[in-house]
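Observations on the three-dimensional arrangement
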Amino acid sequence: MFPLASLSKSEGERLRDELRRQYRILRGEFAFRIVLVALGYAVCSMYVSPALMAMLFLVELVGEFISQGLLRGLDPARSPGRYRAFLLSLVPMEASLITAAGLVWMQDDPYAKAIAIGIIMSSLLHLCSVRSIHLALGVIGMATVATVALVFNTLHWVGLGNWTGLAVSTTTALVALGYAAIAMVSNNRLHRSGAEAAAAAR
(Lines give C-alpha, C1' and ligand atoms only; values in the text may rest on other atoms or scores of the structure.)
Protein backbone atom coordinates (compact mmCIF):
# COMPACT_ATOMS: atom_id res chain seq x y z
CA MET A 1 0.00 0.00 0.00
CA PHE A 2 0.98 3.58 -0.48
CA PRO A 3 2.35 5.72 2.41
CA LEU A 4 -0.64 8.01 1.93
CA ALA A 5 0.39 10.76 4.29
CA SER A 6 3.68 11.33 2.45
CA LEU A 7 2.29 11.53 -1.09
CA SER A 8 3.38 14.58 -3.06
CA LYS A 9 0.76 16.67 -4.85
CA SER A 10 1.62 15.09 -8.22
CA GLU A 11 1.63 11.57 -6.77
CA GLY A 12 -1.72 12.21 -5.11
CA GLU A 13 -3.23 13.42 -8.38
CA ARG A 14 -1.82 10.43 -10.27
CA LEU A 15 -3.34 8.08 -7.69
CA ARG A 16 -6.73 9.80 -7.85
CA ASP A 17 -6.69 9.61 -11.64
CA GLU A 18 -5.76 5.93 -11.49
CA LEU A 19 -8.66 5.21 -9.16
CA ARG A 20 -11.05 7.20 -11.38
CA ARG A 21 -10.02 5.08 -14.35
CA GLN A 22 -10.39 1.92 -12.26
CA TYR A 23 -13.90 2.97 -11.27
CA ARG A 24 -14.94 3.75 -14.85
CA ILE A 25 -13.90 0.38 -16.21
CA LEU A 26 -15.39 -1.60 -13.32
CA ARG A 27 -18.64 0.35 -13.53
CA GLY A 28 -18.80 0.03 -17.31
CA GLU A 29 -18.57 -3.76 -17.33
CA PHE A 30 -20.53 -4.35 -14.12
CA ALA A 31 -23.83 -5.66 -15.52
CA PHE A 32 -22.25 -8.04 -18.05
CA ARG A 33 -19.72 -9.29 -15.50
CA ILE A 34 -22.38 -10.01 -12.87
CA VAL A 35 -24.44 -12.00 -15.38
CA LEU A 36 -21.40 -14.14 -16.23
CA VAL A 37 -20.52 -14.59 -12.57
CA ALA A 38 -24.10 -15.66 -11.83
CA LEU A 39 -23.84 -18.24 -14.61
CA GLY A 40 -20.63 -19.51 -13.05
CA TYR A 41 -22.33 -20.03 -9.70
CA ALA A 42 -25.28 -21.68 -11.47
CA VAL A 43 -22.92 -24.19 -13.09
CA CYS A 44 -21.26 -24.82 -9.73
CA SER A 45 -24.69 -25.54 -8.21
CA MET A 46 -24.87 -28.63 -10.43
CA TYR A 47 -22.16 -30.16 -8.21
CA VAL A 48 -22.54 -28.36 -4.87
CA SER A 49 -25.53 -27.25 -2.80
CA PRO A 50 -27.48 -24.58 -4.75
CA ALA A 51 -28.29 -22.82 -1.46
CA LEU A 52 -24.59 -22.52 -0.65
CA MET A 53 -23.84 -21.23 -4.14
CA ALA A 54 -26.62 -18.65 -3.78
CA MET A 55 -25.11 -17.47 -0.49
CA LEU A 56 -21.65 -17.13 -2.01
CA PHE A 57 -23.08 -15.23 -4.98
CA LEU A 58 -24.91 -12.90 -2.60
CA VAL A 59 -21.64 -12.17 -0.77
CA GLU A 60 -20.01 -11.30 -4.08
CA LEU A 61 -22.93 -9.18 -5.28
CA VAL A 62 -23.12 -7.16 -2.05
CA GLY A 63 -19.33 -6.81 -2.14
CA GLU A 64 -19.50 -5.37 -5.64
CA PHE A 65 -21.92 -2.64 -4.57
CA ILE A 66 -19.91 -1.83 -1.45
CA SER A 67 -16.64 -1.77 -3.38
CA GLN A 68 -17.93 0.52 -6.09
CA GLY A 69 -19.51 2.81 -3.51
CA LEU A 70 -16.17 3.12 -1.74
CA LEU A 71 -14.30 3.67 -5.01
CA ARG A 72 -16.55 6.40 -6.40
CA GLY A 73 -14.79 9.76 -5.98
CA LEU A 74 -12.17 8.22 -3.70
CA ASP A 75 -9.26 10.41 -2.56
CA PRO A 76 -6.87 8.17 -0.59
CA ALA A 77 -4.94 11.08 0.91
CA ARG A 78 -8.10 12.53 2.45
CA SER A 79 -9.81 9.22 3.26
CA PRO A 80 -7.10 6.60 3.96
CA GLY A 81 -9.50 4.41 5.93
CA ARG A 82 -11.98 4.37 3.07
CA TYR A 83 -9.15 3.56 0.66
CA ARG A 84 -8.05 0.57 2.72
CA ALA A 85 -11.66 -0.59 3.08
CA PHE A 86 -12.00 -0.43 -0.71
CA LEU A 87 -8.93 -2.60 -1.21
CA LEU A 88 -10.02 -5.13 1.41
CA SER A 89 -13.56 -5.29 0.00
CA LEU A 90 -12.16 -7.39 -2.82
CA VAL A 91 -11.13 -10.19 -0.43
CA PRO A 92 -14.60 -11.65 0.33
CA MET A 93 -15.62 -11.22 -3.31
CA GLU A 94 -12.70 -13.21 -4.68
CA ALA A 95 -12.83 -15.67 -1.78
CA SER A 96 -16.49 -16.43 -2.52
CA LEU A 97 -15.93 -17.24 -6.18
CA ILE A 98 -12.79 -19.30 -5.58
CA THR A 99 -14.51 -21.14 -2.71
CA ALA A 100 -17.24 -22.12 -5.14
CA ALA A 101 -14.60 -23.33 -7.59
CA GLY A 102 -12.73 -25.12 -4.80
CA LEU A 103 -15.81 -27.00 -3.66
CA VAL A 104 -16.45 -28.09 -7.25
CA TRP A 105 -12.78 -29.10 -7.64
CA MET A 106 -13.13 -31.51 -4.71
CA GLN A 107 -15.89 -33.47 -6.48
CA ASP A 108 -14.90 -36.80 -8.01
CA ASP A 109 -15.78 -35.80 -11.55
CA PRO A 110 -13.43 -34.78 -14.40
CA TYR A 111 -15.94 -32.25 -15.74
CA ALA A 112 -16.20 -30.66 -12.30
CA LYS A 113 -12.44 -30.24 -12.14
CA ALA A 114 -12.36 -28.65 -15.61
CA ILE A 115 -15.10 -26.21 -14.55
CA ALA A 116 -13.21 -25.32 -11.36
CA ILE A 117 -9.99 -24.63 -13.25
CA GLY A 118 -11.88 -22.54 -15.79
CA ILE A 119 -13.43 -20.39 -13.06
CA ILE A 120 -10.08 -19.83 -11.35
CA MET A 121 -8.34 -18.93 -14.60
CA SER A 122 -11.18 -16.56 -15.52
CA SER A 123 -10.79 -14.85 -12.18
CA LEU A 124 -7.04 -14.47 -12.72
CA LEU A 125 -7.65 -13.10 -16.21
CA HIS A 126 -10.04 -10.49 -14.82
CA LEU A 127 -7.54 -9.48 -12.15
CA CYS A 128 -4.72 -9.19 -14.68
CA SER A 129 -6.65 -7.24 -17.28
CA VAL A 130 -9.31 -5.17 -15.48
CA ARG A 131 -8.33 -4.83 -11.84
CA SER A 132 -4.69 -4.17 -12.67
CA ILE A 133 -5.23 -0.45 -13.36
CA HIS A 134 -4.67 0.10 -9.63
CA LEU A 135 -1.97 -2.46 -8.90
CA ALA A 136 -2.62 -2.71 -5.16
CA LEU A 137 -6.17 -3.88 -5.89
CA GLY A 138 -4.97 -6.55 -8.28
CA VAL A 139 -2.31 -7.77 -5.86
CA ILE A 140 -4.82 -8.19 -3.03
CA GLY A 141 -7.20 -10.01 -5.35
CA MET A 142 -4.50 -12.34 -6.62
CA ALA A 143 -3.26 -13.08 -3.10
CA THR A 144 -6.82 -14.03 -2.14
CA VAL A 145 -7.25 -16.29 -5.18
CA ALA A 146 -3.89 -17.96 -4.53
CA THR A 147 -4.59 -18.57 -0.84
CA VAL A 148 -8.07 -20.02 -1.26
CA ALA A 149 -7.18 -22.10 -4.32
CA LEU A 150 -4.07 -23.59 -2.70
CA VAL A 151 -6.01 -24.42 0.49
CA PHE A 152 -8.67 -26.33 -1.45
CA ASN A 153 -6.06 -28.05 -3.60
CA THR A 154 -4.18 -29.15 -0.49
CA LEU A 155 -7.35 -30.43 1.20
CA HIS A 156 -8.24 -32.41 -1.92
CA TRP A 157 -4.93 -34.22 -2.35
CA VAL A 158 -4.27 -34.74 1.36
CA GLY A 159 -7.74 -36.26 1.66
CA LEU A 160 -6.78 -38.73 -1.05
CA GLY A 161 -3.38 -39.36 0.54
CA ASN A 162 -1.78 -38.55 -2.82
CA TRP A 163 1.38 -36.57 -2.05
CA THR A 164 2.65 -36.74 -5.62
CA GLY A 165 -0.59 -35.22 -6.86
CA LEU A 166 -0.27 -32.49 -4.23
CA ALA A 167 3.30 -31.68 -5.23
CA VAL A 168 2.63 -31.62 -8.98
CA SER A 169 -0.62 -29.65 -8.74
CA THR A 170 0.82 -27.13 -6.27
CA THR A 171 3.86 -26.56 -8.48
CA THR A 172 1.62 -26.09 -11.51
CA ALA A 173 -0.60 -23.65 -9.61
CA LEU A 174 2.37 -21.62 -8.40
CA VAL A 175 3.77 -21.38 -11.93
CA ALA A 176 0.39 -20.23 -13.24
CA LEU A 177 0.09 -17.67 -10.44
CA GLY A 178 3.59 -16.40 -11.13
CA TYR A 179 2.80 -15.97 -14.81
CA ALA A 180 -0.44 -14.17 -13.92
CA ALA A 181 1.45 -11.85 -11.57
CA ILE A 182 3.91 -10.93 -14.33
CA ALA A 183 1.01 -10.25 -16.70
CA MET A 184 -0.67 -8.08 -14.07
CA VAL A 185 2.40 -5.90 -13.56
CA SER A 186 2.89 -5.59 -17.33
CA ASN A 187 -0.75 -4.56 -17.82
CA ASN A 188 -0.48 -2.03 -15.01
CA ARG A 189 2.51 -0.45 -16.74
CA LEU A 190 0.62 -0.43 -20.03
CA HIS A 191 -2.41 1.25 -18.44
CA ARG A 192 -0.19 3.83 -16.77
CA SER A 193 1.84 4.65 -19.87
CA GLY A 194 -1.36 5.00 -21.90
CA ALA A 195 -2.81 7.40 -19.33
CA GLU A 196 0.41 9.42 -19.25
CA ALA A 197 0.51 9.63 -23.05
CA ALA A 198 -3.13 10.77 -23.15
CA ALA A 199 -2.43 13.41 -20.49
CA ALA A 200 0.62 14.68 -22.37
CA ALA A 201 -1.38 14.97 -25.59
CA ARG A 202 -4.03 17.20 -23.97
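As the structure is a prediction and not an experimental result, all values here were calculated from the model.

Its 16 residues place the ends of helix H5 (residues 90–105) 22 Å apart at the C-alpha level, agreeing with the 22 Å of an ideal helix rising 1.5 Å per residue. Counting buried positions over the 16 residues of H5 gives 12, a clear majority of the element. Where H5 is concerned, the buried positions are Leu90, Met93, Glu94, Ala95, Ser96, Leu97, Ile98, Ala100, Ala101, Gly102, Val104 and Trp105. Along its buried surface, H5 packs onto helix H2 (30–44), helix H3 (50–71), helix H4 (80–88), helix H6 (110–129) and helix H7 (135–160).

Along the chain, the position of Val59 falls in helix H3. It is 12 Å that separates the C-alpha atoms of Val59 and Val37, two residues lying 22 residues apart in sequence. In this structure, Val59 is in contact with Pro92 and Ser96, ignoring residues within four places of it in sequence.

Running from N to C, H6 and helix H8 (residues 163–201) cross one another at 25°; their axes reach a closest spacing of 8 Å. By the criterion of interaxial angle, the relationship of H6 to H8 is roughly parallel. Of H8, the residues touching H6 (which contributes Leu124, Leu127, Cys128 and Ser129) are Leu177, Ala180, Ala183, Met184, Asn187 and His191. Here the contact of H6 with H8 is composed, by residue class, of seven nonpolar, three polar and no charged.

This part takes up the environment of Ala183. Summarising the element assignment, Ala183 is placed in helix H8. Along the backbone, Ala183 and Ser132 are 51 residues apart, and their C-alpha atoms lie at a distance of 9.3 Å.

Moving on to the nonpolar core. Core analysis: the biggest nonpolar cluster contains 49 residues, and Tyr41, Phe86 and Leu124 have the highest contact counts within it. Elements that contribute at least two residues to this core include exactly helix H1 (9–28), H2, H3, H4, H5, H6, H7 and H8. Beyond its immediate sequence surroundings of up to four residues, Tyr41 is in contact with Met53, Leu56, Phe57, Glu60, Ser96, Leu97 and Ala100.

The rules we used
Residues numbered from 1 in each chain as written. Predicted model: local features only at pLDDT ≥ 70, side-chain atom pairs only at ≥ 80, totals over all residues. Heavy atoms only, no water. Helix = DSSP H or I, 4+ residues; strand = E, 2+ residues; numbered from the N terminus. Expected span 1.5 Å × (residues − 1). Buried < 20%, exposed > 50% of the residue type's maximum accessible area, 1.4 Å probe, protein only. Contact = heavy atoms within 4.5 Å. Axes fitted to C-alpha atoms, helices over the stretch in contact; angles between N-to-C directions. Parallel < 35°, antiparallel > 145°, perpendicular 65-115°, else oblique. Nonpolar A, V, L, I, M, F, W, Y, C, P; charged D, E, K, R; others polar. Core = buried A, V, L, I, M, F, W, Y, C linked by side-chain atoms within 4.5 Å.

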